[in-house]
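Report on the structure
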Amino acid sequence: MPINATKQSLLNLPRSVKRGVVITCDILICVLSVWLAFGLRLDLWRNFDGKQPLVLVATIGLAIPLFIHFGLYRAIFRYVGSAAFMSIAKVFVIYSSIIFCIFTLLGVDGVPRSIGVIQPLLLFVGIGISRYIVRHWLGSINYVQNSFRRVQPIALIYGAGSAGRQLALGLSSNKEILVKGFIDDDYRLHGSTINGISVYPRNGLQEIISKQDITDVLLAIPSAKQERRTEIIASLNGLGVRVRTLPGLIDIASGRLRVSDLHDLDMNDLLGREVVPPRVELLKKNILNQVVLVTGAGGSIGSELCRQIIKFSPKSLILVDSSEHSLYLIYEELKNILLSENIYSRSTIQLLPCLVSVRDRSLLLKIFKEYKPATVFHAAAYKHVPLVEQNPEEGIRNNVYGTLICAQVSLDCAVSQFILVSTDKAVRPTNVMGCSKRISEMILQAMADSAVRGGHSTNFSMVRFGNVLGSSGSVAPLFSAQIAAGGPITLTHPEVTRYFMTIPEAAQLVIQASAMAKGGDVFVLDMGEPVRIYDLAVKMIYLSGLLLKDGAHPHGDIEIEVTGLRPGEKLYEELLIGDNPQPTAHPKIMMAHEEFLTWADLQKSLNMLNLALDQGDFNAIKLILKELVPGYQPLGM
C-alpha cells in the first residue's frame, strides 16, 4: 500500500479505534521503559523476573489512568504543539513524584532504588518521541495530498504582536503554509527575528513580496481600528497576494489551525466601514419579555433579525414564512443556538414556526389572536428587481397587499409596534419592485395618520436602507463565485453605484430604529458613502491574490465583463425623497419627513390597482403606479 494511502487509512479510522491504538502503543512503551531501566541499572538484559513485574504493573496502572485523566488521548496528534508537550511534562511530574516515592524513598525489596529515577525519565522520552514522530509523519498529509493542485502558500504575517506570533506558531505545526516573515510598523522590531522569522518594515513591501515569492498576507492586527485596517488593505491592492485575516485565538492556541481556518476579509474590510456599536437599551426596548413576530423570517434580513432578537430574551419569537425550506433552516438554527447558549435566559424563549403567506388574512389573524405579538417586523417581500419586473403582478400582490394585510391584522389585534423593512429603491423608483415598496411605505404612513386620529394604539414605522452585502442575490457572493471559477466578473455598467452595509449591522439598526418610532416615521439608515460596483469588483480580485485583466493588463487573471443595465435598474440609488433629514438619538439613523396620501385617497387607488391586477392589465397597472408614486418612471412610458 502506498505511504500516503496508509496515512489516509489511519486518519479515516473511527476516533475510538485510534484512541485504542494509541493506548496500546503507550502500554508497550511502558513495558519497554521498565525493561530498559532494569537493563541499564543491572547490566543484565533478560526477561522480567523477581519483583520486576511489580514495577511494570505500577507503571501501567499509574501512567495510563493519568494520561486519560489529563486529556492526553483527546489531542489530535498531527496538530500537537508546545502546549501539548507541556501537558505531557506536567503529567510526568506527577507520575515521577509517585514512582520516586514508592521505589526510591520508601523502597521495594528486590527493586533497585535508582529505578524510581531511571524509569520515569525513559518513559517521558519514549512518550515524547512517539508524539513527535506521529505529528511529523501524519501532519504532512494535507500538503502531500494537495501538492498536485497548487503550490504551497508562502505568507507574510502583518503584525508581529502577540496575535501574529501565535498565528505563526499555529501555522508551524503543519506543512500547509510557509511563513517567511512579519510586517510591522514598530521600527524597533525591524531587522530582528521572532522564533527565527524575520521582521520587515512596511516600506519596500512590494520588493519583499517579489523576492520571497509571497502568495498570501495574513492580517494579525485584531486591535487595529477600521480606518487603519482600510489603509493597510489599500496598500496591498494590486500586489498579487491574497489577503486573509486572523482566525479565533482559541483555534490557534489549541494547535488545530489549518489554512482553511484563515478567513477572507469580511464585508466591513471591503467597504472600509467603521461599525458603530449598537445601543443595547434600544435593542432591548421592544424585545425584552415581549412576543415578537417576524415575517419573511427565512430571508436574508428576516433571519438576521431573528438571530439578533433572541439575544435579548423575547418571551416568544414567531417565525412567519411561506417557504418551507427557508423556515425549516432558520427554525433549526435558532433551536441550536438556544440549546448551546444558556445566556440571557434564552432557554425559556418559545420559538413558533408558522408556514403561512402574508397574503393569507384569515390564517394570519388566527396566529395574531392566538399568540398576541407586541412587536412585528415585516421583512417579507420579493426584492429582486429583474424578477419582479418580469412578474409584476405577483410582486405587487406580495409586497403591497401583503404589507396591507399584515398592517390591518396588526391594527385589529392591537399590536404595539409594526416595523416595515423598506429599501432605497423606493425613492424615485424606476422599477416595479421599488414602486411596490414605496406604496408599502405610503400604506403605513396613511394608516399611522388614521390610527392616531382614530385612537388606535398600533405604532407604524418603516426603516429604509440600501443593499446588504452577503444577502441572497447581492453582488459580493456572486463576485466571489465568479472569481473562484476563474472569471469573468459580470457587471451591468461600470458606473453603477450602490449603498452597502452588512446584514448584522442593518438588522441591529432596524431594531434600534423601531425603539425610537412615534408613529408614521420613515427612518433612513446612514449607509456611508456610495460604492462604485466596479471598484468593489477590482478590490475583490486583488484581495484574492489575483490581478485584473483588461486592456492595460492583458496578462491579468480575472476580466470584468459589462453586460448592460437590466430592466428597471438605476445607475444611482437614493435614500431620501425630500431634503433635510432629521437626526435621531442614534448617529447612524436619520428620520425623513415625506408627503403621503390620506387613507381615504390611498384606499381608492389601491382598489383600482387590485382591479387592474385581477384583469391582468399591465398597462393600467403601470399607469396607476405612476399616479400613486411621484417620480416613478417605468421603462417604455
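Source: prediction; values computed, not measured.

**Some points on the overall build of the chain**
A count of helices and strands for the chain gives 23 helices and 23 strands. In the chain, which comprises 637 residues, the proportion classed as buried is 49%. In the chain, the share of contacts with a sequence separation of at least 24, taken over all contacts with a separation of at least 6, comes to 75%. Per element, the accessible surface of the chain, about 29,600 Å² overall, is 57% carbon and sulfur.

**Some thoughts on helix H13 (residues 300-309)**
Burial within H13 is extensive, with nine of its 10 residues counted as buried. Of all the residues in H13, the buried ones are Ser300, Ile301, Gly302, Ser303, Glu304, Leu305, Cys306, Gln308 and Ile309.

**Remarks on the sheet that holds strand S15 (residues 489-491)**
Pairing is parallel across the open sheet formed by three strands, whose spatial order is S15-S21-S20. The strands lining the two open edges of the sheet, one partner per strand, are S15 and strand S20 (548-549). Where S20 and strand S21 (residues 558-562) come together, two bridges link them in parallel fashion. Each residue of the ladder has a partner; that of lysine 549, found in S21, is glutamate 559. Docked against the sheet, helix H19 (residues 475-484) engages S15 and S21, running at close to 140 degrees with respect to S15.

**With respect to a nonpolar patch on the surface**
A cluster of nonpolar side chains, contributed by Phe100, Leu105, Leu106, Val117 and Leu121, occupies part of the molecular surface with about 500 Å² of accessible area. Put simply, the parts of the chain that give the nonpolar patch at least two residues each are helix H4 (82-106) and helix H5 (115-138). The dominant element in the nonpolar patch, judged by the number of residues it contributes, is H4, at three residues. Structurally, the position occupied by valine 117 is in helix H5.

**So, the packing of aromatic side chains**
Aromatic rings in a pair are described by how distant their centres are and how their planes are angled relative to each other. Taken as a whole and judged by the stated rule, the model has four aromatic pairs. With a centroid separation of 5.9 Å and an interplanar angle of 75 degrees, the aromatic rings of phenylalanine 92 and tyrosine 95 are classed as edge-to-face. Within this pair, phenylalanine 92 and its partner tyrosine 95 are both found in helix H4, separated by three residues, close to a single helical turn. You'll find phenylalanine 92 and tyrosine 95 in the same group, each marked buried.

**Digging into the pattern of salt bridges**
This structure, assessed with the given rule, holds 13 salt bridges. In this structure, glutamate 441 and arginine 438 form a salt bridge, with 2.8 Å as the shortest nitrogen-oxygen distance. Here the residue glutamate 441 and the residue arginine 438 both occupy positions in helix H18 (residues 432-454), the gap between them amounting to three residues, near one helical turn. The burial state of glutamate 441 is the same as that of arginine 438; both residues are buried. Several salt bridges share partner residues, and in doing so they unite Glu304, Arg307 and Glu333 into one network.

What counts as what
- Residues numbered from 1 in each chain as written.
- Predicted model: local features only at pLDDT ≥ 70, side-chain atom pairs only at ≥ 80, totals over all residues.
- Heavy atoms only, no water.
- Helix = DSSP H or I, 4+ residues; strand = E, 2+ residues; numbered from the N terminus.
- Buried < 20%, exposed > 50% of the residue type's maximum accessible area, 1.4 Å probe, protein only.
- Contact = heavy atoms within 4.5 Å.
- Areas by Shrake-Rupley, 256 points an atom, 1.4 Å probe, with all protein chains shown as cover.
- Pairing = 2+ DSSP bridges.
- Axes fitted to C-alpha atoms, helices over the stretch in contact; angles between N-to-C directions.
- Patch = residues over 30% accessible without salt bridge, like charges linked within 9 Å, V, L, I, M, F, W, Y side chains within 5 Å.
- Salt bridge = Lys/Arg side-chain N within 4 Å of Asp/Glu carboxyl O.
- Phe/Tyr/Trp six-rings, centres within 6.5 Å; stacked < 30°, edge-to-face > 60°.

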